[in-house]
Each structure stands twice: as structure tokens, then as C-alpha cells.
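Each chain, written out:
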Amino acid sequence: MNKERLVVEVVGAHNLMPKDGEGSSSPFVEAEFENQRQKTQVKYRDLNPVWNEKLVFHVNDVADLPYRTIEVNVFNERRSNNSRNFLGKVRVSGSSIAREGEEVAQLYTLDKRSLFSHVRGEISLKLYLSSKVEVKQVVNGGSGGGNGAAVPGGGVSKKSKKMQQQSGNLVVPKQMGVGLGQEHGRMGSVLQNQAHSKNVEPGQGDMKPVVITTVPRPVIPATSPRGVLGGNGGVGGVHGGVGGPLSEYALKETSPHLGGFNKDKTSSTYDLVEQMQYLYVKVVKAREISVFGGGEVVAEVKLGNFKGITKRVSLGNAEWDQIFAFSKDCIQSSVAEVFVKENNKEEFLGRVWFDLNEVPKRVPPDSQLAPQWYRMEDKKGDRAKCGEIMVSIWFGTQADEAFAEAWHSKAANVHLDGLCSIKSKVYLSPKLWYLRVGVIEAQDVVLGDKGASMNMARYPELFAKVQVGNQVLRTRIAAPAANRSLSNPSWNEDLMFVVAEPFEDFLLISVEDRLMPNREEVAGRVILPVAKLERRLDDKPVVSRWFNLDTQYSNPNETKTVVRFASRIHLQISLEGGYHVLDEATMYSSDVRPTAKQLWKPHIGVLEVGILGATNIMPVKIKDGKGGSTDSYCVAKYGQKWVRTRTVVDSLSPKWNEQYTWEVFDPCTVISIGVFDNSRVDKNMVSGTANRDIRIGKVRIRLSTLESDRVYTHAYPLLMLHPSGVKKMGELHLAVRFSCANMFNMLNMYTMPLLPKMHYVQPLSVNQLDSLRYQAMNVVASRLSRAEPALGREVVEYMLDHDSQMWSMRKSKANFFRLTNVLAWFVAMTRLLEILRNWHKPVYTTLFLIAFMTLVLVPELIIPCILLTLAVMGLWRYRSRPRHPSHMDTRLSNAESVHPDELDEEFDSFPTSRSAEVIRMRYDRLRSVAGRIQTVVGDLATQGERFQALLSWRDPRATFLFVIFCLLAAFGFYLVPIRWVVALFGLYYLRPPKFRNKLPSSAVSFFKRLPTNADSML
């Protein structure tokens, strides 16, 4: 009799389809093998269940096992009618079954049962043969191999019980390739093959274990000795999830060793990052070098296995002036050598070496170490005929001025063309202006030859076309009027454009005649340089001018004759400096200042951000056949200042430790920080066409939610939405501090209008703002792409949220749920009143009647009691105020339970790529209309969330102002009779328009500055 048994160990499942009608499922697994069926326990209301159960089957013939299949089905239990829903199935061939001790957890994608099945998610299984018949079900609790520690009688050891009680997460080993998604399937297979061939523990550069559960469950230890998080990557320990158990998408508080926490004053300039020690070698120039026949020479700096080479220079002008930086943790030698060699030759002409124990340490803010002349020696140590070289060498940190421009040892494998793309840089957005062109009318327009020949059979259809750069706008066709001739058209339209300093473009205005559809004839035009146009800072009207239309533009070589009669056009043109040019989404705006610098107010604070590093970054490309790799860098945008960190080459746990500072002019703004993969590092990708930097994730932080002078150190999850679902691409470690110089000025900003005055005096329409924002984004992307290193268009578009207005069913549902959460308070109050009305709780009803009668008899207490209650509620909630910044919330964004069809629609191009023309027209129309509805629903939710933010202490300064106002108003309304208050309010509300101000009131401005959950929207 065969004693071997087939063991199907069901580890867990991930991202199952909700089918209970309430956004969840109660799954269980049923396995079938050779007419034998067994099933696991039911995990109620869990889309990421963990079973860790072993299902044992009898095997008739082991030799016949490779020709058998094991079918595993996942069902949802419906307790209401004792039925079940299909969630997915997997068929596993018997040829993949391993022996006991050699089993490896494998991740299988759930398949459909039929064409109309709605299935998603994955299931993790272990299949192997075992001769231990008595093993029925063992809960994993041990370490290493993943098998539980069984005790006699089928019990579980104390260690296993203890681990079950802990808040843990299911960790999938790296062989399973979780999280790479469909687009990284090939990469996952390559990594899996490498893992099997090497059979070693995951190292520093390998993939980290991926957490796929989000609630407390039994722990399955990872194969990595660094635990569930895969180590802190040198950026400090992780305390745990904020506001709940440690989960995959949670914000985690960290404790890095920042420079500001030390008493060493040498790190005071960079007190929000960890100190990184570097050996700097500056090679300036050489002299008295003798080379036969002349030629070019180079300098080579060598430290252990690292070698840096300067540019080639001629022998007569041997000046390099280059700096080399070697990370202290990579130093493998006690001597640093500098060689001077003839180009393309191995033998050196001279060398000089330095003992690292004698190298000085530079302490900022000291000046740079002065370079000195050193006599070089040849191979024999003779210093008579080798010449001299000017070198300086010192130990420093990343705070050194030479850090940004230095060649780094970790970039030794980067080709020469890609070296410039890995340096850290600071960019400035161009100064943007709105250009207003008012086309009033034209006089004595002379039609062209074609138009004149057709004039007997039709009325001329004249319109004005205005072009600035690649921006083109047209007026409507002038309508015929009884008091105007056909050659004197009138339009009276304002056209808005976006231009950037320095003004290099020309303004081209032409009057054209529409002969037939898609065919126009130019009747005249005028060209004006943008730099010479009038600039306006307020709402004072600009003087209009008449410009003669040029009709001899067809032949530029033709000599223009002097004419006494010419057609002309009446224009009112101005550069608007009183507006703020929006180049990013309004809800995520990082700057609200007007364009004209004369209208700027002094800054109210300073924002400091320390970009420490990242951990558990997902590999996004395969480099040289060595497996998954990522060359990551960070981009931070606030106001006009963009910063880009250096690129850390070939690392899944990069450390940047760079600190940047911004002046803050308004606290109700948002800083955006994104992580990207540098595609220009790989020479093969640069030479090809696929040179777009890949998005890894983005973090948004609203400054008004930060307490003053407090350092926030957290690990932010980097989440990306793919066609296969939401994926965690890693964690970004930041240290943020918002300092306020004058608290009174800070609090006064909450009563000021959010946008400059011109936005309210002469407001722009929503359609105009959308079009101008798109044009502004194009201008910014064009300018930044011309910098060195270039900031790609894909980076600028991602940081500016260029697709925030596109239709998405997922966003629409998320905004609807936000609105229902806001209205839940009114529903709760209605239910409470119903309970009091029905006397379900007699004591509460009696107290409510007493209070109600008291307020009716003494109406002066109504408003003071309400305001006093709000103030007390605000003070009471101060203890439970949020103590961490907001982050991307997958549940709020409805990204966890989104349907695959909705994701396919969200990632579809616009216009749609559907083949049928009718479907395309209807589909685009639906998406356009639904996009507006989505925006309206989001705005309604935003207004409601601002009411909730009054007492939530999300913005501590705003809540403080509101609480103080409620306390003062409570006493004020108590002292002043309510009748007088109502009378004064009525008179104020019905005051004549002459006594009204076009600017919003202080209360409205304060309300619009309150934070919302829109900052956490994915």
C-alpha cells in the first residue's frame, strides 16, 4: 500500500472579487483530486484571506501523478441562502508537484469558469508529496522553511500560538514575483530562474518580500533575515503603521538619525538628512609633463577597485578642474592614487598618492580646501622628470558644495553620455503671463482675389485668427449688421494665451475670409513682438489701438509701396500681471502668487524637505541580463522651484539624503514629490526610442496640515495604478519641517483671498482656465526639457496632474463615497432625533425636552450654546488630532475594489481606441459629460469636508482660529440681544451694491483654505 499522500497547502489569496453585495466576500477554497474533495475554513468578509491550511489527498499511483491534475476552486459563501458564488479556479499539473522539503510557494492567477465569469486575484499554493499521514492541518508559525511546529495530538506549539496572536502580514517569498504586474511578467520569470539557480538568501540588491495583506493575521516569516519590511535600508527604523496595524498601504513613522538630532554643529545646515561621508579628490591641472610627439593626456583617480577618469585635454593646456567623490562605505583601500596618463595608454606618466589617514576633514561653512602642487613620481619612484599636478583631497559630507557636480564612485558603470543625467539639479519654472487680446473690430477689409470673385454670390464670412507660438485661437464669424457694411466686421471678443519670459514669440493677428469649409483666405495680418506689449497689474482698462493690416505679406522680397489707404484692425492687447497662471490642478496648487513681482508679499515661512531614501522599490527594467533593476531619482515641485535628486544607479533601496528649502508665501499649498526611473542611464535605451522615464510613485503633502517647527519623519507608500490594479512600488522616506517666522502673519493669511485680486474682479471661465492650464503645462514642459539634464515631458505631466480632468468610473465612485461620508453626519442627526421623538431612551428624551424648553424661553442662549458646543468639541478633539501628514489612501480612492473593466476604461486613450465609429462617438461623449459630473461631485465633497476640517485639527492653525472665534463669538452673542444681531445681519445682507466689495469675505476666504481629503486622492 502506498503511504505517500498529496498535500495541497493553501497559503492565502489576494485581491479577490467582492461578491456579497457589500464590497467584500467570505471566501473558502475547495480542492479536488481523483474524486476526492476537501475544503478550507471560511474567512468572513475578507478579500485578502489567509488560510495556511493543508489539505491531504490519497494517491493511488505515484508514477501516474504527472498525468493527473489538481483543481482548486475559490468560492464565496452566502449565509443568507446557503449558496455560494464562484471567485476563481486554478488547475495545477501533477508534474509540478515537489517532494517534501523542496516545496516552494507559488502564486497562481485565478481563471474564469466561463466567458461571463467576473474573476480577479491570485492564490498562493504549496503542492508536495508527504509520507506523514497523521499531518492533517498545521498552522504556519515557524521560521525559515515555512512549516509549522506541530506538537503531539495535532496541537500547535506555544511559539506558533504566540505568533498567531501578533498582528502580522502574509509575506510572499521573492520566487513568487508578486507585485510586478502583467507588464513585468517576463522580469518576474527571470528573477525566479535566477533565484532557483543560485539558491541563496536574498541580498541587498534582490527583491524584497511583498506584503499582500492589510489586517492582523498569523505571520509567515519571510526568507529574508531583515523581516517583513526587508530592512530599513539605512534610513532609520520603522515604528509601525499610523493609526492602525502595520499594513501594505499604510503610512509608517520612522526614526532616522538626522543631523539635527545630533549635537554636532557641523551638520546643522543639513539637519533633516543623514550624514553621508565622502572622500573628495579635486584634480585641477598639471604642468611640466613631457610626452613624445605631444598628444592628449588624462588624469585617473584610483581608490581600491574604483577608478575615475577625467576628460581629455591637450598637453599644452592640461587643465581638468574635475572633482571625484568616493562614498566612505565603499572605500576598500588606505591609499588614494592620482595618475597622469597619455590618452588610450595604460602606462602612466606620473603619479601621486595620499594616505587616507592623513587626509583632512572639511567642516562647512569653512571655505574649500585650496589645491596644492604635488611633484609626481614614475614607476621607479623618481620625481625628477615627471612634472607636477595640482590636487586637493579632503573628507566631507553631502553638504559640500562639490557634491552636486562631482563624479560619484557608484556611477562608475554609467556611460559617458548618461553621466550628466544622474546629477542633482534645481530647476526654475519660466515666469508665465496671461496675454489678453481683445479683438474689437476691423475697418475697410479688402477681400482677396478669390473672395472678390465670389463676392457676387455670397456674403463674406470674416473672422480673426490670433496665433502666439503654437497657440491658435479664432473669433466667431462676424454677423452682418444693418448699421455696418460687410467690409467693417465687428467681434468684441477677448482671447487669452499663455506666454513665458523671456518673451521671444511674436503675436500674429490675421483677418481671414472663410470661402468654404476647411478653406480660408487671408485678407490681411499684423505681427507684433510680445516683448513690446503693454503690461497691466490691475483692472484698469487698457487703451485700445488701431493697427494697419499688411496685405503684401505673400512676397517678402517685394518692395512695399507707400499707400495712403489701408485696412486696419482695432485691438486691445495687454500682458496680465495680476493673475496667477495655473499650471497645475487647483486643488494641488503649490503657488498662488500673481505673476507681477511688484504684487508679491513677503514670505511667511520656510519649508524644508529632507529626501532620505526609498526601500522595497520594485524593479522596472532588466539590465544587461542580470535581472531586475531600478535607477531611481526624486523630483520635488513647490512653487516655481523644481528639484531633482541625483540618480542612484542599480539599487532597490536607494539613499539620497539631500535637503532642499522653499520659501512659503501661503500655507494652504501642496508640495508634490515623485519618484522615477532614469531611462537615460542605460546606453541601449538612450540610443533607442524608449527613453521615457518610468513613474514609480508620488507623494503630496499639504503644508497647512503640518504643525510649525515640527520634524515629520515618515515612510510614504509609493502607489501606482496599473491596468491590473493598484500596485505598491516601494516606500519613500522623507523628513519634512515647516517653520513659521511670524504666527500672526500666518493666521492672517487664512482671512485673505486664496487667489489674486484679478481672479475675482475679472474672473475667467472654467473652460478658459482648463485650456490655459493645458497651454501653461506645455510651456513649462517645453522649457524644462531644454535644461541639462533635461526634465522629461512625462515627468512634468505626472507632477502637474495633467490627466486629473479625465473621466474615470473609479474616481466618480470615490467622490460619491466621499459625499456620502459627509452626509452621514446629517443622517446620524436625523436618526438621533427620531430616537428622541419615539422615546426609545426616556432619560435622553427628558433631558432634551428640558434643554429645548430652556432655549425657547431664553432665546438669547441659542447661538452662544451652539458656538460654545462647537468650541468644546474642538478642544475635546485636540487630544485625538491627526499627528501625521496625509498620504495616498487606496480605500478612499476606491482603488482596492475597482472592477477590471473600469480600469480598462480609465487607461483607455482619449479619444477611445475602439474600432467602430459609432461606438467611438458615443463613448467619447459619455466620458466628456461624465467627467464634468465627476468634478461637480468632487467639489461638493470638498465643500462638505471643509466643514469637517473646522474641528478636526487637520489644519491646527485654522482649527485654533475657529475655536477662538467661537469662544469670543459666544460671549459676544450673549452680551448683545439676538434681535439686534438679526436686524444688523439683515441690514448688512441687503446693503446696496455700491457698498459691496467684489472680493470674497474673510469668512469665505477662511473656509476655502481649509484642507480636504482631496490631498489623499490617488
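1. What about the overall build of the protein?
1) Next: In terms of regular secondary structure, the protein is built from 16 helices and 45 strands.
2) Next: Classification of the 1018 residues of the protein by burial places 49% in the buried group.
3) Next: Sequence separation of 24 or more characterises 71% of the internal contacts of the protein that already satisfy a separation of 6 or more.
4) Next: Carbon together with sulfur atoms contributes 54% to the accessible area of the protein, which is approximately 51,200 Å² in total.

2. Remarks on the sheet that holds strand β39 (residues 632–638)
1) Next: Taken in spatial order, the five strands make up an open sheet running β26-β40-β39-β42-β43, and their pairing is antiparallel. Every interior strand has two partners, whereas the edge strands, β26 (425–428) and β43 (694–702), have only one. On average, adjacent strands in this sheet sit at an angle of 20 degrees to one another, irrespective of strand direction.
2) Next: Taken together, the four bridges between β39 and strand β40 (residues 641–644) define a ladder with antiparallel strand orientation. Across the sheet, residue alanine 636 finds its bridge partner in β40, namely valine 643.

3. A word on the side chain of glutamate 794
1) Next: Of note, glutamate 794 is situated in helix α8 (residues 793–799).
2) Next: Here glutamate 794 sits buried without a salt bridge, and the closest side chain of opposite charge, arginine 692, lies 4.0 Å off (N-O distance).
3) Next: Excluding its chain neighbours within four sequence positions, the residues that come into contact with glutamate 794 are Arg680, Asn691, Arg692, Asp693 and Arg695.

4. Concerning the environment of leucine 315
1) Next: Among the structural elements, leucine 315 can be located in the loop between β19 (313–314) and β20 (319–327).
2) Next: For leucine 315 and arginine 287, which are 28 residues apart along the polypeptide, the C-alpha to C-alpha distance reads 8.6 Å.

5. Concerning the pattern of salt bridges
1) Next: Under the defined criterion, the tally for this structure stands at 41 salt bridges.
2) Next: Linking arginine 476 and glutamate 493 is a salt bridge whose minimum nitrogen-to-oxygen distance equals 2.8 Å. Of this pair, arginine 476 sits in the loop between β29 (471–474) and β30 (490–500) while glutamate 493 is found in strand β30, placing the two residues 17 residues apart along the sequence.
3) Next: Beyond isolated ion pairs, a larger network of salt bridges with shared partners links Arg287, Glu288, Arg375 and Glu388.

6. Some thoughts on the pairing of strand β22 (residues 348–355)
1) Next: Of the strand pairs in this sheet, strand β21 (residues 335–342) and β22 are connected by seven bridges, and their pairing is antiparallel. Counterpart to alanine 336 in the pairing with β22 is phenylalanine 354.
2) Next: Between β21 and β22, which follow one another and run antiparallel, lie five residues, and asparagine 344 among them has a positive phi close to 60 degrees.

7. Examining the nonpolar core
1) Next: The biggest cluster of nonpolar side chains holds 65 residues, and the ones touching the most others in it are Trp642, Trp662, Ile671, Leu732 and Leu734.
2) Next: By residue number, the principal contributor to this core is helix α7 (residues 766–784), which donates seven residues.
3) Next: In this structure, tryptophan 662 is in contact with Gly605, Val606, Leu607, Val609, Ala636, Tyr638, Lys641, Val643 and Ile671, ignoring residues within four places of it in sequence.
4) Next: Counting 35 residues, the second largest nonpolar core, distinct from the first, contains Val313, Trp320, Leu356 and Leu419.

8. Looking at the packing of helix α11 (residues 862–876) against helix α14 (residues 956–975)
1) Next: Closest axis-to-axis distance for the α11/α14 pair is 8 Å, and the angle between their directions is 155 degrees. The angle between α11 and α14 falls in the class roughly antiparallel. Between α11 and α14 the crossing geometry is left-handed. Residues Ile863, Pro864, Leu867, Leu868, Leu870, Ala871, Gly874 and Leu875 of α11 form the contact with α14, whose own contacting residues are Phe962, Val963, Cys966, Leu967, Ala969, Ala970, Phe973 and Tyr974.

9. Some details on α14
1) Next: The end-to-end C-alpha distance of α14 is 29 Å, a good match for the 28 Å that 20 residues give at a rise of 1.5 Å each.
2) Next: Taken residue by residue, α14 has Pro956, Arg957, Ala958, Thr959, Phe962, Val963, Cys966, Ala969 and Ala970 as its buried positions.

10. Section: the packing of aromatic side chains
1) Next: Considering all chains together, one arrives at 20 aromatic pairs under this definition.
2) Next: Pairing tryptophan 825 with phenylalanine 826 gives two aromatic rings, centres 5.0 Å apart and planes at 85 degrees, and the pair type is edge-to-face.
3) Next: Here tryptophan 825 falls in the exposed class, since its relative accessible area comes to 52%.
4) Next: Within the aromatic cluster, the residues linked to one another by ring pairs are Tyr278, Tyr280, Trp394 and Phe403.
5) Next: When the ring centre of tryptophan 662 is taken as origin, the NZ or CZ atom of lysine 641, which lies over that ring, is 5.5 Å away.

11. Looking at the sheet that holds strand β32 (residues 519–529)
1) Next: The strand order across the open sheet formed by four strands is β29-β28-β31-β32, and the pairing between neighbours is antiparallel. On the outer flanks of this sheet lie β29 and β32, each paired with one strand and no other. The average undirected angle you get between the axes of adjacent strands in this sheet is 20 degrees.

12. Some details on the pairing of strand β3 (residues 36–39)
1) Next: As judged from the four bridges shared by strand β2 (residues 27–33) and β3, these two strands associate in the antiparallel manner. Looking at β3, one finds that alanine 31 is bridged to glutamine 38.
2) Next: In this structure, the hairpin formed by β2 and β3 is closed by a connection of two residues, where glutamate 34 is found at a positive phi of approximately 50 degrees.

13. Quick word on the side chain of glutamate 377
1) Next: One can find glutamate 377 in the loop between β23 (372–375) and β24 (388–396).
2) Next: Sequence-distant contacts of glutamate 377, that is, excluding residues within four places in its chain, are made with Phe348, Gly350, Arg351, Trp353, Asp382, Arg383 and Cys386.

14. Let's talk about the packing of helix α9 (residues 809–837) against helix α10 (residues 842–857)
1) Next: Viewed as axis vectors pointing N to C, α9 and α10 meet at an angle of 100 degrees, and their least axial separation amounts to 8 Å. The orientation of α9 with respect to α10, classified from their angle, is roughly perpendicular. On the side of α9, the interface is formed by Leu833, Ile835 and Leu836, while α10 contributes Tyr844, Thr845 and Phe848.
2) Next: In the contact of α9 with α10, the residues fall into five nonpolar, one polar and no charged.

15. Notes on the confidence of the model for the protein
1) Next: Looking at the protein, pLDDT values average 79 and 81% of them are 70 or higher.
2) Next: Low confidence marks residues 260–267, where pLDDT is under 50. Its contacts with residues over four positions away, or in another chain, come to seven contacts.

16. Comments concerning the environment of tyrosine 774
1) Next: Along the chain, tyrosine 774 turns up in helix α7.
2) Next: Between the alpha carbons of tyrosine 774 and glutamate 797 there is a distance of 10.0 Å; along the sequence they are 23 residues apart.

17. Some thoughts on a nonpolar patch on the surface
1) Next: Residues Leu823, Trp825, Phe826, Met829 and Leu832 make up a contiguous nonpolar surface patch of roughly 510 Å² in combined accessible area.
2) Next: Here phenylalanine 826 shows up in helix α9.
3) Next: Under the relative-accessibility criterion, phenylalanine 826 is labelled partly exposed at 47%.

18. Focus on unusual backbone geometry
1) Next: In this structure, the amide linkage connecting glutamate 501 to the following residue, proline 502, adopts the cis form with an omega of -10 degrees.
2) Next: Relative to the assigned elements, proline 502 resides in the loop between β30 and β31 (506–516).
3) Next: Glutamate 788 connects to proline 789 through a cis peptide bond whose omega is 0 degrees.
4) Next: Relative to the assigned elements, proline 789 resides in the loop between α7 and α8.
5) Next: Of note, asparagine 518 is a non-glycine position whose phi angle comes to about 65 degrees, a positive value.
6) Next: Within the secondary structure, asparagine 518 is located in the loop between β31 and β32.
7) Next: By relative accessible area, asparagine 518 is classed as exposed at 78%.
8) Next: At asparagine 657, a residue that is not glycine, the phi angle is positive and equals roughly 50 degrees.
9) Next: Within the secondary structure, asparagine 657 is located in strand β41 (residues 655–664).

About the criteria used
Residues numbered from 1 in each chain as written. Predicted model: local features only at pLDDT ≥ 70, side-chain atom pairs only at ≥ 80, totals over all residues. Heavy atoms only, no water. Helix = DSSP H or I, 4+ residues; strand = E, 2+ residues; numbered from the N terminus. Buried < 20%, exposed > 50% of the residue type's maximum accessible area, 1.4 Å probe, protein only. Contact = heavy atoms within 4.5 Å. Areas by Shrake-Rupley, 256 points an atom, 1.4 Å probe, with all protein chains shown as cover. Pairing = 2+ DSSP bridges. Axes fitted to C-alpha atoms, helices over the stretch in contact; angles between N-to-C directions. Lys, Arg positive; Asp, Glu negative; His and termini not counted. Salt bridge = Lys/Arg side-chain N within 4 Å of Asp/Glu carboxyl O. Core = buried A, V, L, I, M, F, W, Y, C linked by side-chain atoms within 4.5 Å. Parallel < 35°, antiparallel > 145°, perpendicular 65-115°, else oblique. Left-handed = near helix turned anticlockwise from the far one by under 90°. Expected span 1.5 Å × (residues − 1). Phe/Tyr/Trp six-rings, centres within 6.5 Å; stacked < 30°, edge-to-face > 60°. Lys NZ or Arg CZ within 6 Å of the ring centre and 35° of its normal. Nonpolar A, V, L, I, M, F, W, Y, C, P; charged D, E, K, R; others polar. pLDDT = per-residue confidence, 0-100. Patch = residues over 30% accessible without salt bridge, like charges linked within 9 Å, V, L, I, M, F, W, Y side chains within 5 Å.

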